[in-house]
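Listed here are the chains, written in short residue letters.
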Amino acid sequence: MVRIDQTLDARNLICPMPVIRTQQAVSGLENGQILEVLCTDPGALVDIPAWCRVHGHKLISAKNVGDETIVRLQICDS
Amino acid sequence: MAVKRKAIALISGGLDSMLAARLMLEQGIHVEGLNIFTGFCVEGHTHAIRNRDKNRQKRNNALWSAEQIGIKLHIIEAIEPYKEIVLNPKHGYGAHLNPCLDCKGFMVGKAREWMEQNGFDFIITGEVLGQRPKSQRRSTFPVVARESGAFDRLLRPLSAKLLPETLPERAGWVDRERLYDISGRGRHIQIALAEKFGIEDYAQPAGGCCFLTDESYSRKLQDFWNHRENKDYEFDDIMLLKVGRHMRPGTDWKLIIARDAGETQYLRGYRSKFAHLSITSHSGPLSLIDGPIQDRDVELAARLVARFGSSRSAERVDVQFTDRNGRQRMLSVAPMQPIEVQQQWYV
Ligand code: SF4
């Protein structure tokens, strides 16, 4: 089981808002902590992982579950 | 050891801003990107809503470009402060409702704030002299630099050699000789540069980076303003203008009719805020009613909506009407005939 430190509800938000909210949530977390983001805009499946790559955070998983997209990432301070 | 200078690059998702940032990396500058979400941006969500774009890769082009050139990208939301730019542009609108000159000053102003808060040294943009008739002229470049408060900390690497020297050049942080002198609407130098840098895939926005340059969108926005007391908007209003077929058979109300299943799904999210019509006897679009509809007009609205589904040639169609308070009633109507649909209803 992955230990989730914070869950961000970005459902019913349209891109790029889930990415913006993720960015804000990450700035309040510490190195090594894990954030889970719940979204309904399918664009989040591509955009949040891309955001993680450009900022050097670790993507743990990104998947569609029913009508939702769930992304988990681990903060890596660069 | 010389200090590594830092530049914040406005990244739109198009090729020019990507090249400008790449040129700075070439000169050993530390570059990070900034993308500003105003609510009008042509981005992933519009693709996400509509079915017809299902096969298109849904991606945020600004993030995509940042990744291509290997820089961080910060996306900031500026929906509220941007309203002033759209509602009262000091320098007026372009061909449609695009306030490009005010908008550029605003964006560079946001980059300046970011630069100051984060200890960066200067700002770069992908602006090219003469590329846009209203906002990218020799006379307007200084306006943007002045009104944004960036002054000579604003560098446009693609056209720098045609412009007065800026602080990064004067101070020797950047070698002016290695900057460019691109002007006009031609693309061949940018395309050659992209090739040189191995950038193969980039977005090519037609006309502009936002919906305000789109004629049909601007028409809907103008119609929206014409039918309310104040020239104003909320985020949901401008999002809904991007979705559906908008028809105004009444003076006080209009219909937003989904054009496919993707749009119906999207409009579902607004059912609690709007009166709406759903076809129950056939497959058909969900339609929102924006504005106070009179009881006597509900049937007309239902007949019109019935025209836009598989019910169009049926004799009778069942339509469920839900008012703003959630009260429902059923109507059995004959779909409107093409000849009855007035052209001026289309917004
Ligand atoms: S096209 Fe839109 S985003 Fe681009 S400068 Fe004009 S108003 Fe601003």
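Everything numeric in this text was worked out from a predicted model, so none of it was measured.

A. Just the site of the ligand, in detail. All names here are of chain B. Around the ligand, the surrounding shell consists of Tyr82, Pro99, Cys100, Cys103, Lys104, Cys209, Cys210 and Thr213. The leading source of residues in the shell around the ligand is helix α5 (residues 100–118), at three residues. Here the shell around the ligand is built from residues that sort into six nonpolar, one polar and one charged.

B. Seen up close, the packing of helix α2 (residues 44–55) of chain A against helix α3 (residues 61–69) of chain B. For the pair α2(A) and α3(B), the least separation of the axes is 10 Å and the interaxial angle reads 35 degrees. At the point where α2(A) passes α3(B), the crossing takes the left-handed sense. Taking contact as the criterion, the partners of Asp47(A), Ala50(A), Trp51(A), Arg53(A) and Val54(A) in α2(A) are, on α3(B), Leu63(B), Ala66(B) and Glu67(B). When grouped by side-chain class, the residues that make up the contact of α2(A) with α3(B) number five nonpolar, no polar and three charged.

C. Summary view of the domain arrangement of chain B. Its domain assignment divides chain B into domain 1 (6–211) and domain 2 (243–345). For domain 1 of chain B and domain 2 of chain B, the distance between their C-alpha centres works out to 41 Å.

D. The nonpolar core, seen in detail. Grouped together as the largest cluster of nonpolar side chains are 59 residues, with contacts concentrated most on Ile48(A), Met24(B), Phe122(B) and Ile199(B). At seven residues, the largest contribution of residues to this core is made by helix α1 (residues 15–26) of chain B. Setting aside its immediate chain neighbours within four residues, Phe122(B) contacts Arg5(B), Lys6(B), Ala7(B), Ile8(B), Met24(B), Ile29(B), Met115(B), Arg153(B), Leu155(B), Pro168(B), Trp173(B) and Val174(B). Formed by 36 residues, the second largest nonpolar core is a distinct cluster that contains Cys103(B), Trp114(B), Cys210(B) and Ile238(B).

E. Representation of the sheet that holds strand β2 (residues 34–39) of chain A within the structure. All names here are of chain A. Judged by pairing direction, the sheet is mixed, and its four strands sit side by side in the order β1-β2-β4-β3 without closing on themselves. Either end of the sheet is taken by a strand with one partner, and the two such strands are β1 (6–10) and β3 (58–65). This sheet shows a mean twist of 15 degrees between the axes of neighbouring strands, independent of strand direction. The pairing of β1 with β2 spans five bridges and is classified as parallel. Paired with Asp9 across the bridge in β2 is Leu38.

F. Structural detail: the pattern of salt bridges. Residue and element names in this part refer to chain B. Tallied over the full model, the rule gives 24 salt bridges over all chains. Measuring nitrogen to oxygen at the nearest pair gives 3.1 Å for the salt bridge that ties Asp16 to Arg187. On the criterion of sequence distance, the pair formed by Asp16 in helix α1 and Arg187 in the loop between α7 (167–170) and α8 (188–196) is long-range, its members being 171 residues apart. In this structure Asp16 comes out as buried when scored by relative accessible area, which is 8%.

G. Structural view of the sheet that holds strand β9 (residues 286–290) of chain B. Residues and elements named next belong to chain B. Strand order in this open sheet of six strands is β6-β7-β9-β8-β10-β11, and the pairing throughout is antiparallel. Of all the strands in the sheet, just β6 (245–247) and β11 (328–333) have a single pairing partner and so form its edges. Each strand of the sheet is rotated relative to its neighbour by a mean of 25 degrees, with strand direction disregarded. Across four bridges, the pairing between strand β7 (residues 254–257) and β9 is antiparallel. In the strand pairing of β9, Ile256 is matched with Leu288. The sheet contacts of helix α11 (residues 261–268) involve β7 and β9, and relative to β9 the element is tilted by about 45 degrees.

Reading the values: rules and limits
Residues numbered from 1 in each chain as written. Chains lettered and ligands numbered in written order. Predicted model: local features only at pLDDT ≥ 70, side-chain atom pairs only at ≥ 80, totals over all residues. Heavy atoms only, no water. Near = heavy atom within 4 Å. Helix = DSSP H or I, 4+ residues; strand = E, 2+ residues; numbered from the N terminus. Nonpolar A, V, L, I, M, F, W, Y, C, P; charged D, E, K, R; others polar. Axes fitted to C-alpha atoms, helices over the stretch in contact; angles between N-to-C directions. Left-handed = near helix turned anticlockwise from the far one by under 90°. Contact = heavy atoms within 4.5 Å. Domains from an automatic or database assignment. Core = buried A, V, L, I, M, F, W, Y, C linked by side-chain atoms within 4.5 Å. Buried < 20%, exposed > 50% of the residue type's maximum accessible area, 1.4 Å probe, protein only. Pairing = 2+ DSSP bridges. Salt bridge = Lys/Arg side-chain N within 4 Å of Asp/Glu carboxyl O.

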